Amino acid sequence: MKVPRTLLGSDPRFVRHLLAGPDAFRRADEGPDPRFYEKPRKVAHLDATALATVETLVGALVWERRPVMLDLMASWDSHLPTSLSPARLVGLGLNEEELRANARLTERVIHDLNADPRLPFPPDSFDVVLNVVSVEYLTKPVEVFREVGRVLKPGGLFLVVFSNRWFPPKVVRVWEEASERERVELVELFFRDAGSFDEPRLFMSMGLPRPESDRYWETGAPSDPIFAVFAEKRGGGPGRPTRTVPPDPAWTEPDPVGVAERLRQALTTLRCPHCGHPLSRWAVPDDPCIDWDVEYLWICFNDACPFVVRGWRVLWEQGQEGHSYRFLLNPKTGGATTVAIRGLHDLTPGIVGGGWVAVWKDRPPTGASQK
Ligand SMILES: C[S@@+](CC[C@H](N)C(=O)[O-])C[C@H]1O[C@@H](n2cnc3c(N)ncnc32)[C@H](O)[C@@H]1O
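Model, not experiment: these values are computed from the prediction.

**Examining the site of the ligand**
Near the ligand there are 18 residues, and of these M73, S75, G93, L94 and V132 occur at the shortest range. Class assignment of the residues belonging to the shell around the ligand gives a composition of eight nonpolar, six polar and four charged.

**Description of the pairing of strand β4 (residues 126–132)**
The element β4 is extensively covered by neighbouring structure, given that seven of its seven residues are classed as buried. Pairing between strand β1 (residues 68–72) and β4: three bridges, direction parallel. Looking at the pairing, M69 lines up with V128 of β4. Each parallel crossover has a hand, and for β4 linked through helix α5 (residues 141–151) to strand β5 (residues 152–162) it is right-handed.

**Side note on the nonpolar core**
Residues F158, L159 and V160 are the most contacted members of the largest nonpolar core, which totals 89 residues. Formed jointly, this core draws a minimum of three residues from each of two domains, domain 1 (12–232) and domain 2 (256–341). In contact with V160, other than residues within four places in its own chain, are N131, V135, V187, A228, V229 and F230.

**Here's the deal with the sheet that holds strand β2 (residues 88–93)**
Judged by pairing direction, the sheet is mixed, and its seven strands sit side by side in the order β3-β2-β1-β4-β5-β7-β6 without closing on themselves. Among the strands making up the open sheet, the edge pair consists of β3 (107–110) and β6 (201–205). Between one strand and the next, the sheet's axes are offset by a mean angle of 15 degrees, whatever the strand orientation. With six bridges connecting them, β4 and β5 associate as parallel partners.

**Thoughts on the sheet that holds strand β10 (residues 324–329)**
Sheet architecture is open: four strands sit in the order β8-β9-β10-β11, paired in antiparallel fashion. The sheet terminates laterally at β8 (280–283) and β11 (336–341), the two strands that pair on one side only. Across the sheet, the axes of successive neighbouring strands diverge by a mean angle of 45 degrees, strand direction being ignored. Taken together, the two bridges between strand β9 (residues 296–299) and β10 define a ladder with antiparallel strand orientation. Within β10, the residue paired with W298 across the bridge is L329.

**So, the domain arrangement of the chain**
According to the domain assignment, the chain contains domain 1 (12–232) and domain 2 (256–341). Domain 1 and domain 2 are separated by 37 Å when their C-alpha centres are compared. Residue-level contacts link seven residues of domain 1 with 10 residues of domain 2. Among the residues making up the side of domain 1 that touches domain 2, the classes are represented as four nonpolar, two polar and one charged.

**Focus: helix α8 (residues 256–269)**
Over its 14 residues, α8 extends 18 Å from the first C-alpha to the last, a length consistent with the 20 Å expected when each residue adds 1.5 Å. Of all the bends in α8, the greatest, near 35 degrees, is centred on L263. When we look at burial in α8, the residues that qualify are V259, L263 and A266. Packed against the buried residues of α8 are β10 and β11. Just downstream of α8, L270 is the residue with a positive phi angle, here 50 degrees.

**Comments concerning unusual backbone geometry**
Outside of glycine, negative phi angles account for most residues, and trans bonds account for most peptide bonds. We note that M73 has phi near 70 degrees; this positive angle belongs to a residue other than glycine. If you check the backbone angles, L270 has positive phi at about 50 degrees while not being a glycine. On the secondary structure map, L270 appears in the loop between α8 and β8.

About the thresholds
Residues numbered from 1 in each chain as written. Predicted model: local features only at pLDDT ≥ 70, side-chain atom pairs only at ≥ 80, totals over all residues. Near = placed C-beta within 6 Å. Nonpolar A, V, L, I, M, F, W, Y, C, P; charged D, E, K, R; others polar. Buried ≥ 20, exposed ≤ 12 C-beta atoms within 10 Å, placed from the backbone. Helix = DSSP H or I, 4+ residues; strand = E, 2+ residues; numbered from the N terminus. Pairing = 2+ DSSP bridges. Right-handed = clockwise from strand over helix to strand, strands pointing away. Core = buried A, V, L, I, M, F, W, Y, C linked by C-beta atoms within 7 Å. Domains from an automatic or database assignment. Contact = placed C-beta atoms within 7 Å. Axes fitted to C-alpha atoms, helices over the stretch in contact; angles between N-to-C directions. Expected span 1.5 Å × (residues − 1). Bend = angle between axes of the 7 residues up to and from the residue.

The structure is reproduced here in structure tokens:
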């Protein structure tokens with residue numbers, strides 16, 4: 001018998017066991033949520049690049065011309081592209097001032113979903129329900145997902161978007177302790193356990209550089225990753241448009257033939273074969289684990305280099321969350337090497353993040369000698 005797999009290809013029992021403990025949905029602050037959210041927080045929860053990805057995703061998945069929409073756990077921004085004109089946009093959240101600052105909302109509802117997961121709306125009311133960077137605060141997620149299933153029209157869309165940042169006092173323990181992969185699978189499980197949705201689907205984007213104007217740019221973290229799990233309520237009529245997942249803006253297809261050709265010239269051009277950026281001379285650090293056999297290497301420091309950008313996702317898929325790599329050229333051999341990074345500022349001269357050579361999935365087929 002074929003064993004069902006999660007969206008990420010794992011055995012679903014692995015993620016279900018995370019929910020088995022009695023404390024899975026406990027929070028550091030077990031006080032009433034309305035008290036925590038009393039103070040308005042009109043902040044950007046993600047960097048501008050990640051927010052643009054969310055808008056693009058919403059625009060791509062919502063095909064309805066004048067949808068009736070619910071922004072569940074809403075604040076001052078509902079992340080709708082300007083091209084989308086809902087007939088109604090109801091915002092449900094805990095802070096009245098935040099909701100009043102949201103000019104796109106046509107209705108505002110204050111309701112604590114952890115105190116009462118029932119949604120104050122009649123069945124089959126909405127074409128689309130959005131939940132952005134908030135699912136990690138739900139203490140009874142399956143009940144809430146079931147309620148979303150009740151208030152959606154058949155064929156209606158429930159889109160749950162999340163990243164890897166949250167308010168620590170109010171995040172549920174299972175979310176904080178899970179890996180990014182497990183968080184995707186947890187949300188998938190909430191959809192499945194709610195029982196009212198068609199097959200969940202997944203969108204992911206990670207690895208684009210963080211804008212230099214962002215307040216966390218100094219940390220060296222790339223743009224906040226975007227994960228979205230979404231599904232339609234069962235029973236949608238035949239012949240309705242398909243919801244098309246947009247391409248991941250961070251992913252470009254590798255060009256192994258072109259890269260191999262440019263690599264052959266790289267000692268002359270001193271340019272990165274992946275992006276054409278001039279290479280920088282990088283003093284080899286004193287690392288007892290790696291014998292580089294050279295005093296310096298040429299390295300591509302372009303944070304938008306497709307090799308670096310793709311690397312965050314390639315390594316994520318291999319189970320190395322939060323890592324990428326940079327292209328290195330050996331001045332003696334003209335061969336290509338990689339070095340792992342955990343942040344974009346890791347490799348300031350003499351510093352190697354991680355200190356190990358990464359597995360290079362989209363390696364040029366010829367002309368490159370892996371160290
Ligand atoms: C991180 S903010 C995200 C806001 C918004 N969705 C966005 O994308 O900017 C989390 C929001 O969830 C809402 N929230 C938190 N706990 C809630 C609860 N128990 N019931 C309803 N809303 C809640 C808060 O009002 C807060 O605005």
